[in-house]
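Residue-level structural notes
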Amino acid sequence: MNYLRENLSFDQAGITITESEERDGKKSLYMNGICIQGGIRNANQRVYPVNEIGKAVKTLNDQIQGGYSVLGEVDHPDDLKINLDRVSHMITNMWMDGPNGYGKLKILPTPMGQLVKSMLESGVKLGVSSRGSGNVREDGSGEVSDFEIITVDVVAQPSAPGAYPTAIYEHLMNNRGGMNALRIAKEVQGDPKAQKFIKESLLGIISKLQ
């Protein structure tokens, strides 16, 4: 089985941002759009048959509907593990529409979730990156079989066609102000009064990703 990662930009995924009121009266931000494309040769020269996408989407959505929390991260780790300190969102629903698998991502009130929320509210176009496993035929067709979706991560949009997505987490960690903002975010998590300061601290960093 191969580790498979497929990136889609904000526009490629047709991302829409919505806000919904939860049962407790608080509002949550959601990202909605294509999470993985089927039936075409993608930028990684792989082809996911629509039936493979359909099975993988159904399996993951069955887990979600059964009460399993499918968490996603900022950036795209090089393995299938979920790193809790980088969790930014939770997938609340997945479905098929035509050849593509769609998803609804709820932004969580974690430090990384606050970062993503601030970016989206500031107009930054974030993309998605599916993370999964499967077998890829070696006859040049690039066809994927036995595909399984583990999660869908949030990534910064590449600055040019063919470029790799900017690593949001690493960019933040390499910036002194970003490290301080993340530290503060962890210390005051759950304190509404501190969110304004955190957001303002992140805006300057966010602008560098656009």
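Residues numbered from 1 in each chain as written. Predicted model: local features only at pLDDT ≥ 70, side-chain atom pairs only at ≥ 80, totals over all residues. Heavy atoms only, no water.

As for the sheet that holds strand E7 (residues 126-136)
In space, the three strands of this open sheet follow the order E1-E7-E8, with antiparallel pairing throughout. The two strands at the open ends of the sheet, each matched to only one other strand, are strand E1 (2-8) and strand E8 (144-156). With direction set aside, neighbouring strand axes in the sheet form an average angle of 25°. With ten bridges connecting them, E7 and E8 associate as antiparallel partners. Note on E8: the bridge partner recorded for Leu126 is Ala156. (Pairing = 2+ DSSP bridges. Helix = DSSP H or I, 4+ residues; strand = E, 2+ residues; numbered from the N terminus. Axes fitted to C-alpha atoms, helices over the stretch in contact; angles between N-to-C directions.)

Focus: the packing of aromatic side chains
One pass over the structure, following the stated rule, counts two aromatic pairs. Aromatic side chains Tyr48 and Phe147 sit 4.8 Å apart centroid to centroid with 70° between the ring planes, which places their arrangement in the edge-to-face category. Of the two residues, Tyr48 is situated in the loop between strand E3 (27-36) and helix H1 (50-65) and Phe147 in strand E8; the sequence distance between them amounts to 99 residues. A relative accessible area of 8% means that Phe147 is categorised as buried. Taking the centre distance of 5.9 Å and the plane angle of 20° together, the rings of Trp95 and Tyr102 count as stacked. (Phe/Tyr/Trp six-rings, centres within 6.5 Å; stacked < 30°, edge-to-face > 60°. Buried < 20%, exposed > 50% of the residue type's maximum accessible area, 1.4 Å probe, protein only.)

A look at the side chain of Asn100
Here Asn100 lies in strand E6 (residues 100-107). The exposure class of Asn100 is buried, given its relative accessible area of 13%. Within polar-contact distance, the side chain of Asn100 engages the backbone nitrogen of Gly38 at 3.2 Å. When sequence neighbours within four positions are dropped, the list of residues in contact with Asn100 reads Ile34, Ile36, Gln37, Gly38, Ile53 and Trp95. (Polar contact = N/O pair within 3.5 Å; in protein donor to acceptor, adjacent residues only side chain to side chain. Contact = heavy atoms within 4.5 Å.)

A word on the nonpolar core
In this structure, Met31, Ile91, Leu105, Leu126, Val128, Phe147 and Ile149 are the most contacted members of the largest nonpolar core, which totals 35 residues. Mapped by element, the contributors of at least two residues to this core are E1, E3, H1, strand E5 (87-97), E6, helix H2 (111-121), E7 and E8. The residues touching Met31, leaving out its near neighbours within four places in the chain, are Ile15, Thr16, Ile17, Gly103, Lys104, Leu105, Ile107, Leu120, Leu126, Gly127, Val128 and Val154. (Core = buried A, V, L, I, M, F, W, Y, C linked by side-chain atoms within 4.5 Å.)

Observations regarding unusual backbone geometry
At Gln45, a position not held by glycine, the phi torsion is positive, near 60°. Among the secondary structure elements, Gln45 is positioned in the loop between E3 and H1. Backbone geometry at Asp146 places phi at a positive 50°, although glycine is not the residue there.

Let's talk about the sheet that holds strand E4 (residues 70-73)
Taken in spatial order, the five strands of this open sheet run E2-E3-E6-E5-E4, and their pairing is antiparallel. The open sheet terminates on both sides in strands that have one partner only, identified here as strand E2 (16-21) and E4. This sheet shows a mean twist of 40° between the axes of neighbouring strands, independent of strand direction. Judged from the eight bridges that link them, E5 and E6 form a sheet pairing that is antiparallel. Each bridged residue has a counterpart across the sheet, and for His89 the counterpart in E6 is Ile107. The strands touched by H2 within the sheet are E2, E3, E5 and E6, with E5 carrying the most contacts at an inclination of about 65°.

A few points about the pattern of salt bridges
In total, this model carries ten salt bridges according to the counting rule given. The shortest N-O distance in the salt bridge between Lys55 and Glu52 comes to 3.8 Å. Note that Lys55 and Glu52 are positioned in helix H1 at a spacing of three residues, about one turn of the helix. For Lys55, a relative accessible area of 48% translates into the label partly exposed. (Salt bridge = Lys/Arg side-chain N within 4 Å of Asp/Glu carboxyl O.)

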